[in-house]
Amino acid sequence: MKILAIDTSCDDTCIALLEAKDSYFKILSNIVSSQVKLHAKYGGVYPFLAKREHQKNLPFVFKKALRQAQGKQFDLIGVTAGPGLEPCLWQGINFAQDLSEKFKIPIVPVNHIEAHILANFIDGFTKSIKSIKFPAVCLIVSGGHTQLILMKGIGDYKILGETRDDAAGECFDKVARILGLGYPGGPAIAANVAKYKIQNTRYKIQLPRPMIHQKNYDFSFSGLKTAVLYKVRSEKYNKAAMCAEVQQAIIDVLIYKTLKAAKDFRVKSIILGGGVAANNELRKQFKNKFDIIVPPEEFCTDNGAMIGVTAYFHRLKKTKEIKAEANLKI
Ligand code: KG4
Ligand code: ZN
C-alpha cells in the first residue's frame, strides 16, 4: 500500500510518500519545506504568515514528493488534523480533501503527537513495531508540547503529565530570542553550548530545575525563561555559558521525570519524539542511563513520513470530513 502523507501543523510544509507492507515501511520521498528564514525575522512563528506560506508551498511540495518517489500512484492519504496552529492545519486538510475527491482515494486524520511517537517505527532505521516491548513511556518534546505518555500499544495512550505553561522547545526558542540567537532556538542554543565546552568554566551560571522534585509528571518551563531574563538584565554573563546551563536545566528535568515515570509504571521501553529529541546532548545523557528508542534527528522534527506511518496504523479510520482541531489530545 502506498501512502501520501501531509503535515502543515506548524511552520514546515511536509509531504511524504511511503510504501507500507505488514507494518514495515519504505520512504519513497520525504519533503520538508521549511519556513525558518521567514519566521527567523520575528523570532517565532506567526500563524497567518505560516498559513499563507503553506498555501503557496503545498502544490510545489506535492509535485516534488511525487517526482522524487518516481510515481504518481497512492492508495491512502494521511493528514494531520491536530494539534497545531488551526489556520495552518486547515491548509493541509483542504489540500488532502481536494486530492481525495479528485483521485477517489480514502483519507485518514492523524494526531501529530501520536505521529511523533510512531516516527520511531519507520522500519529500516530503528526497531520495527514488532520488536518494541510494551508498556512504554513516551516523552514527546516539541515546540508546542511536552508530554509524558504511557503507551500500552498502538492506539492505547494515557497522558501521565504535561507542561503547565511553556513547552521545552518553546523555552529553547524564547531563551534564544532573549539572547539574540534567532529562530529556531534549540539548534542555535546547542551550537553555542559546543563553543562553551572549549571555554573556561569560570563563567558557569546556575539556573533552576523547575518542578524536578515534585511528585507528579508535569513540567513547567516558563520560570526558567524568566530566570534567564533576570540574569541577562541584572548581571554580566557569558552567552555560551548561559546556553549550556539552560540546555542542561531542561535536560535534567526531562530525564529525571521520564525515568521516574518509567520506574513508577515499570515500563519496558522509553520512547522519545519531537523536535527537542533531536538535541544531541539530551540523547547522549539519556542513553547513558537507559537504552532509549529515538528516531534519527531528521525524523524528530516535523516530517511527513511519521504522518504516513500513523495513517497506516489507523487505515481503517478513513473518513470524508476532517476538521482541524488545534487542541486535539492523544
Ligand atoms: O517537533 P517540531 O519540529 O515541531 C513541533 O511540533 O513543535 O519541534 C520544533 C521544536 C522547536 O522549538 C525547536 O527549537 C526544537 O524543536 N528543536 C531543538 C533542536 N532541534 C529542534 N531543541 C533542542 N535541540 C535541538 N537540536
Ligand atoms: Zn511536531
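What you are looking at is a predicted structure, and each value in this text was computed from that prediction instead of being measured. (Residues numbered from 1 in each chain as written. Chains lettered and ligands numbered in written order. Predicted model: local features only at pLDDT ≥ 70, side-chain atom pairs only at ≥ 80, totals over all residues. Heavy atoms only, no water.)

Novice: What am I meant to see in the nonpolar core here?
Specialist: One recurring pattern in soluble globular proteins: nonpolar side chains tend to sit buried together. Ranked by internal contacts, the top residues of the largest apolar core, which has 49 residues, are Phe-221, Ile-250, Leu-254 and Leu-272. Broken down by secondary-structure element, the contributors of at least two residues to this core are strand S6 (136-141), strand S7 (146-153), helix H5 (168-178), helix H6 (185-197), helix H7 (222-234), helix H8 (239-264), strand S9 (269-273) and helix H9 (280-287). Top contributing element to this core by residue count: H8, with 14 residues. If you look at the next biggest cluster of nonpolar residues, it comprises 33 residues, including Ala-16, Ala-20, Cys-138 and Phe-313. (Core = buried A, V, L, I, M, F, W, Y, C linked by side-chain atoms within 4.5 Å. Buried < 20%, exposed > 50% of the residue type's maximum accessible area, 1.4 Å probe, protein only. Helix = DSSP H or I, 4+ residues; strand = E, 2+ residues; numbered from the N terminus.)

Novice: I tried to follow the domain arrangement of the chain on my own but got confused; where do I start?
Specialist: By a widely used convention, the size of an interface equals the accessible area lost when the partners come together. The domain architecture assigned to the chain consists of domain 1 (2-128 + 298-317) and domain 2 (133-292). On a C-alpha basis, the centres of domain 1 and domain 2 stand 26 Å from each other. Counting residues at the interface gives 21 residues for domain 1 and 21 residues for domain 2. Summed over both partners, the interface of domain 1 with domain 2 buries about 1600 Å², with 72% contributed by carbon and sulfur atoms. Looking only at domain 1, the three residues that lose the most surface to domain 2 are Ile-113, Ile-117 and Cys-300, adding up to 33% of its buried area. At the level of elements, helix H1 (36-40) and helix H4 (112-118) are the ones that each hand at least two residues to the side of domain 1 that touches domain 2. It is H4 that contributes the most residues to the side of domain 1 that touches domain 2, five residues altogether. A breakdown of the residues in the side of domain 1 that touches domain 2 according to their chemical character gives 11 nonpolar, seven polar and three charged. (Domains from an automatic or database assignment. Contact = heavy atoms within 4.5 Å. Buried area = accessible area lost by both parts, 1.4 Å probe. Nonpolar A, V, L, I, M, F, W, Y, C, P; charged D, E, K, R; others polar.)

Novice: Help me understand the packing of aromatic side chains in this model?
Specialist: The geometry of an aromatic ring pair is captured by two quantities: the separation of the ring centres and the angle between the planes. Per the counting criterion, the structure on display carries eight aromatic pairs. For the ring pair Phe-74 and Phe-103, a centre distance of 6.1 Å and an interplane angle of 75 degrees mean the geometry is edge-to-face. You can see Phe-74 sitting in the loop between helix H2 (47-69) and strand S4 (76-82) and its partner Phe-103 sitting in helix H3 (residues 86-103), a full 29 residues away along the chain. Taking relative accessible area as the criterion, Phe-103 reaches 41% and is therefore assigned partly exposed. Through a chain of ring-to-ring contacts, the aromatic side chains of Phe-62, Phe-74, Phe-95 and Phe-103 assemble into a single cluster. Over the ring of Tyr-312 we find Arg-315, and its NZ or CZ is 4.1 Å from the ring centre. (Phe/Tyr/Trp six-rings, centres within 6.5 Å; stacked < 30°, edge-to-face > 60°. Lys NZ or Arg CZ within 6 Å of the ring centre and 35° of its normal.)

Novice: Looking at this structure, how should I read the pairing of strand S5 (residues 107-111)?
Specialist: Each regular strand displays side chains that alternate between the two surfaces of the sheet. With respect to burial, S5 is a largely interior element, four of its five residues being buried. In the sheet, S4 pairs with S5 via five bridges, with the strands oriented parallel. By the bridge assignment, Ile-77 is partnered in S5 with Ile-107. Each parallel crossover has a hand, and for S4 linked through H3 to S5 it is right-handed. (Pairing = 2+ DSSP bridges. Right-handed = clockwise from strand over helix to strand, strands pointing away.)

Novice: Looking at this model, I keep getting lost on the coordination of the zinc ion (ligand 2). Mind explaining?
Specialist: Four donors placed tetrahedrally about a metal ideally form angles of 109.5 degrees, and six donors placed octahedrally ideally form angles of 90 or 180 degrees. Donor atoms from the polypeptide that coordinate the zinc ion (ligand 2) comprise His-112 (NE2), His-116 (NE2) and Asp-302 (OD), at 2.0 to 2.1 Å from the metal. Mapped onto the sequence, the donors of the zinc ion (ligand 2) take the spacing H-x3-H-x185-D. Of this pair, His-116 sits in helix H4 while Asp-302 is found in the loop between H9 and helix H10 (305-313), placing the two residues 186 residues apart along the sequence. Like His-116, the residue Asp-302 is buried in the burial classification. (Donors = N, O, S within 2.8 Å, 3.2 Å for Na, K, Ca; no water.)

Novice: What exactly am I supposed to notice about the state of the cysteines here?
Specialist: Going through the model one piece at a time under the given rule, you end up with zero disulfides. No disulfide involves Cys-138; its sulfur sits 13 Å from that of Cys-300, the nearest cysteine. On the basis of relative accessible area, Cys-138 is assigned to the buried category, the value being 0%. The cysteine Cys-243 is free of any disulfide, with Cys-171 supplying the nearest cysteine sulfur at 11 Å. (Disulfide = S-S within 2.5 Å.)

Novice: I would appreciate a short explanation of the site of ligand 1 in the present structure.
Specialist: If you check the shell around ligand 1, you find 20 residues, and the closest are Gly-143, Asp-173, Gly-186, Asn-279 and Asp-302. Contacts to ligand 1 include His-116, whose side-chain N or O atom sits 3.1 Å from an oxygen atom. A distance of 3.1 Å separates an oxygen atom of ligand 1 from a polar backbone atom of Gly-169. Out of a free accessible area of 550 Å², ligand 1 has 88% covered by protein chains. Breaking the shell around ligand 1 down by element, the ones donating at least two residues are H4, H5 and H6. Here the shell around ligand 1 gathers at least three residues from each of two domains, domain 1 (2-128 + 298-317) and domain 2 (133-292). (Near = heavy atom within 4 Å. Polar contact = N/O pair within 3.5 Å; in protein donor to acceptor, adjacent residues only side chain to side chain. Areas by Shrake-Rupley, 256 points an atom, 1.4 Å probe, with all protein chains shown as cover.)

Novice: Got a minute to help me understand the packing of H5 against H8 in this structure?
Specialist: What describes two packed helices is the angle between their axes and the distance between those same axes. In contact at an axis separation of 11 Å, H5 and H8 are set at 170 degrees when each is read in the N-to-C sense. Relative to H8, H5 is oriented roughly antiparallel. In this structure, H5 uses Ala-168, Cys-171, Phe-172 and Val-175 to contact H8, whose residues at the interface are Val-246, Gln-247, Ile-250 and Leu-254. Looking at the contact of H5 with H8 residue by residue, the class counts come to seven nonpolar, one polar and no charged. (Axes fitted to C-alpha atoms, helices over the stretch in contact; angles between N-to-C directions. Parallel < 35°, antiparallel > 145°, perpendicular 65-115°, else oblique.)

Novice: How do you make sense of the packing of H7 against H8 when you look at a structure like this?
Specialist: Between H7 and H8, whose axes approach to 11 Å, the crossing angle comes to 160 degrees. On the basis of the axis angle, H7 is roughly antiparallel to H8. Every pair of crossing elements has a handedness; the one defined by H7 and H8 is right-handed. Along its contact with H7, which presents Leu-224, Val-228, Lys-231 and Val-232, the element H8 presents Met-242, Val-246, Ala-249 and Ile-250. For the contact of H7 with H8, the per-class residue count stands at seven nonpolar, no polar and one charged. (Left-handed = near helix turned anticlockwise from the far one by under 90°.)

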